[in-house]
Amino acid sequence: MKKSFVLILLTTMIFSISSPSLASRVLTAPTADLLGSGWAELDYNYLRGQNSLEFNLGLHPRVNLGVRQYFGDSLVGTAKIGLVTEGKDRPGLAFGGEVGLDRQDFYLALSKQLGAPGLRGHVAWGSGRYSKGMAGLGLVLNPVQVKTGQGWVLPTTSLVLEYDGHGLNGGLVAQFTPDFQAYLATPFGQGVGFGLNYKVAF
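Residues numbered from 1 in each chain as written. Predicted model: local features only at pLDDT ≥ 70, side-chain atom pairs only at ≥ 80, totals over all residues. Heavy atoms only, no water.

**Side note on the overall build of the protein chain**
Now for step 1: Helix and strand counts for the protein chain come out as one helix and 14 strands.
Now for step 2: As presented, the protein chain carries roughly 10700 Å² of accessible surface, and 68% of it is formed by carbon and sulfur atoms. (Helix = DSSP H or I, 4+ residues; strand = E, 2+ residues; numbered from the N terminus. Areas by Shrake-Rupley, 256 points an atom, 1.4 Å probe, with all protein chains shown as cover.)

Given below as structure tokens:
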């Protein structure tokens, strides 16, 4: 029993370590979800051999502004503007993009809960790196943290699957605290990826 618990715990941690609600997170595909007014976010991603670090500010309930550094490549400014708020019968819609000295990539993103409370879908299409379209699904596996008899706290987790314009990615996202998320993922057949996301009110 003890060995089984340790195995489950280690598996959960391995698949959890590595950016709204848990089910709204996909790996790299844009969503219509916004950070929220008065919040700052630091997001690190490593996927398909590329590292990026992004800083975002929620300056208004419908406006996020930030910067993203692609390591070994360019520094870009980012922006996302909420056009339509998600409702029971309509998806959320946002316009966003990133602009640098050598790139200007823009997109429209739709996000919507898909029937089940923990299932959300996202679709994005635009110019530049978004020109092939992107899409993702997020499914909450356990919506609450579980405290074990040994005092361990297992994070809330969700399963994600996305198409990022190059291929399929899949992984697990873990929410350790309301402000800290992490993920471990795989671009199928191309190694592993991971990411960290931290939010703070200002």
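**Quick word on the confidence of the model for the protein chain**
Now for step 1: When pLDDT is averaged across the protein chain, the result is 85; 85% of the residues are at 70 or more.
Now for step 2: Between residues 1–22, whose pLDDT stays under 50, and residues either more than four places distant or in other chains, the model counts 45 contacts. (pLDDT = per-residue confidence, 0-100. Contact = heavy atoms within 4.5 Å.)

**Structural notes on the pattern of salt bridges**
Now for step 1: Taken as a whole, this structure holds ten salt bridges when the rule is applied.
Now for step 2: With a closest N to O distance of 2.8 Å, D164 and R48 form a salt bridge. Placement of D164 in the loop between β11 (156–163) and β12 (168–177) and of R48 in the loop between β1 (39–47) and β2 (50–60) is noted, with a sequence separation of 116 residues between them.
Now for step 3: With a relative accessible area of 6%, D164 lands in the buried category.
Now for step 4: Taken together, the shared-partner salt bridges connect E54, R68, D73, E98, R103, D105 and R129 into one network. (Salt bridge = Lys/Arg side-chain N within 4 Å of Asp/Glu carboxyl O. Buried < 20%, exposed > 50% of the residue type's maximum accessible area, 1.4 Å probe, protein only.)

**Concerning the sheet that holds strand β4 (residues 75–84)**
Now for step 1: Pairing in this closed barrel of twelve strands is antiparallel, and the strands run β1-β2-β3-β4-β5-β6-β7-β8-β11-β12-β13-β14 around the ring. Shown here is a sheet whose adjacent strand axes are inclined to one another by a mean of 20°, direction ignored.
Now for step 2: Pairing geometry for β1 and strand β14 (residues 193–201), over eight bridges, is antiparallel. Following the sheet pairing, Y46 is matched in β14 by F194. (Pairing = 2+ DSSP bridges. Axes fitted to C-alpha atoms, helices over the stretch in contact; angles between N-to-C directions.)

**Quick look at the nonpolar core**
Now for step 1: Counting residues in each nonpolar core, the largest one holds seven residues, listed as V26, A29, Y107, A109, A124, Y130 and M134.
Now for step 2: Ignoring any residue separated from it by four or fewer positions in sequence, one finds M134 in contact with T28, A29, P30, H122, V123, A124, R129, Y163, D164 and G165.
Now for step 3: Among the nonpolar cores identified, the runner-up in size contains six residues, and L27, L47, Y183 and A185 belong to it. (Core = buried A, V, L, I, M, F, W, Y, C linked by side-chain atoms within 4.5 Å.)

**Some details on the pairing of strand β8 (residues 134–142)**
Now for step 1: The pairing of strand β7 (residues 119–126) with β8 spans six bridges and is classified as antiparallel. Note on β8: the bridge partner recorded for H122 is G136.
Now for step 2: In terms of strand pairing, β8 meets β11 through seven bridges, oriented antiparallel. Following the sheet pairing, L139 is matched in β11 by L159.

**Description of the environment of P30**
Now for step 1: By the element assignment, P30 lies in the loop between α1 (2–16) and β1.
Now for step 2: Sequence separation between P30 and A94 is 64 residues; the distance between their C-alpha atoms is 9.4 Å.
Now for step 3: Non-local contacts of P30, meaning those with residues more than four positions away in its chain, are made with Y107, A109, H122, A124, Y130 and M134.

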